[in-house]
Amino acid sequence: MMEEDQELERKISGLKTSMAEGERKTALEMVQPAGTDRYCVKFVLHKEDHILGNSLRYMIKKNPEVEFCGYTTTHPSGNKINLRIQTRGALPAVKPFQRVLNELMNVCQHVLDKFEASIKNYKNQKASRNEPTF
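Residues numbered from 1 in each chain as written. Predicted model: local features only at pLDDT ≥ 70, side-chain atom pairs only at ≥ 80, totals over all residues. Heavy atoms only, no water.

**Student:** Sorry, what's going on with the nonpolar core here?
**Tutor:** The tendency in soluble globular proteins is for nonpolar side chains to be buried as a group. Of all hydrophobic cores here, the largest spans 19 residues; its most connected members are F43, L45, L56, I60, L83, I85 and F97. Mapped by element, the contributors of at least two residues to this core are β4 (40–46), α2 (50–61), β5 (66–73), β6 (80–87) and α3 (94–128). Other than its neighbours up to four places away in sequence, I60 contacts V66, C69, L83, I85, P96, F97 and V100. (Core = buried A, V, L, I, M, F, W, Y, C linked by side-chain atoms within 4.5 Å. Buried < 20%, exposed > 50% of the residue type's maximum accessible area, 1.4 Å probe, protein only. Helix = DSSP H or I, 4+ residues; strand = E, 2+ residues; numbered from the N terminus. Contact = heavy atoms within 4.5 Å.)

**Student:** How do you make sense of the packing of aromatic side chains when you look at a structure like this?
**Tutor:** How two aromatic rings sit relative to each other is given by the distance of their centres and the angle of their planes. Scanning the entire structure with this criterion turns up 1 aromatic pair. With centroids separated by 4.1 Å and ring planes inclined at 15°, the aromatic side chains of F43 and F97 adopt a geometry described as stacked. In this pair, F43 is assigned in strand β4 and F97 in helix α3, connecting sequence segments 54 residues apart. Of the two residues examined, F43 and F97, each falls in the buried class. (Phe/Tyr/Trp six-rings, centres within 6.5 Å; stacked < 30°, edge-to-face > 60°.)

**Student:** Looking at this structure, how should I read the sheet that holds β6?
**Tutor:** Note on sheets: strands pair through backbone hydrogen bonds, and any given pair is parallel or antiparallel. If you walk across this open sheet you meet the 4 strands as β3-β4-β6-β5, and the pairing is antiparallel. Among the strands making up the open sheet, the edge pair consists of β3 (28–31) and β5. Averaged over neighbouring strand pairs, the angle between their axes works out to 20° when direction is ignored. Relative to β6, β4 runs antiparallel, the two being bridged by 7 bridges. Residue pairing for β6: K42 is matched across the bridge by R84. Packing of α2 onto the sheet brings it into contact with β4, β5 and β6, and relative to β5 it is tilted by some 175°. (Pairing = 2+ DSSP bridges. Axes fitted to C-alpha atoms, helices over the stretch in contact; angles between N-to-C directions.)

**Student:** Even after reading the chapter, I still don't get α2, so can you show me in this structure?
**Tutor:** Residues separated by three or four positions in an α-helix point in the same direction, a consequence of the helix having 3.6 residues per turn. With 12 residues, α2 should reach 16 Å at 1.5 Å per residue; the first-to-last C-alpha distance of 16 Å fits that figure. Of all the residues in α2, the buried ones are L52, G53, L56, M59 and I60. Projection of α2 onto a plane perpendicular to its axis shows the buried side chains occupying an angular sector of 145°, all on one side. Across from the buried face of α2, at angles greater than 90 degrees, the exposed residues are I51 and Y58. As for α2, its buried residues are in contact with β4, β5, β6 and α3. (Expected span 1.5 Å × (residues − 1). Arc of directions from axis to C-beta.)

As far as function goes, none of this settles anything; it's purely spatial.
And the structure:
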């Protein structure tokens with residue numbers, strides 16, 4: 001288990017985003033205070049807001065192994081969220097977080113695919129009636 005945790009920390013610390021001045025800043029931090037276990041972890045997501053925070057919280061709380069999941073923003077106009085996940089002890093807190101990130105990407109891709117198919121269908125209907133499209 002320790003190797004998995006180290007591998008995950010390496011992946012998380014590797015997520016970077018470039019800044020305007022050319023410096024690099026971490027996009028995601030995993031904060032685990034000294035003396036705590038891996039079943040209660042806080043994640044700090046930079047350049048994110050309520051849209052992602054609420055989506056993650058909602059989907060993570062659906063997992064029966066998750067005892068608590070909540071998020072806060074540092075300021076109403078801020079662009080950083082703190083997401084805390086606490087599991088019941090059988091599952092490290094990072095596992096539901098990883099799973100939900102993948103699920104959320106799949107949901108977003110599905111919505112995008114449906115939207116693009118609807119646009120194509122609309123344009124085809126308009127073209128078949130010789131009506132102008134937008």
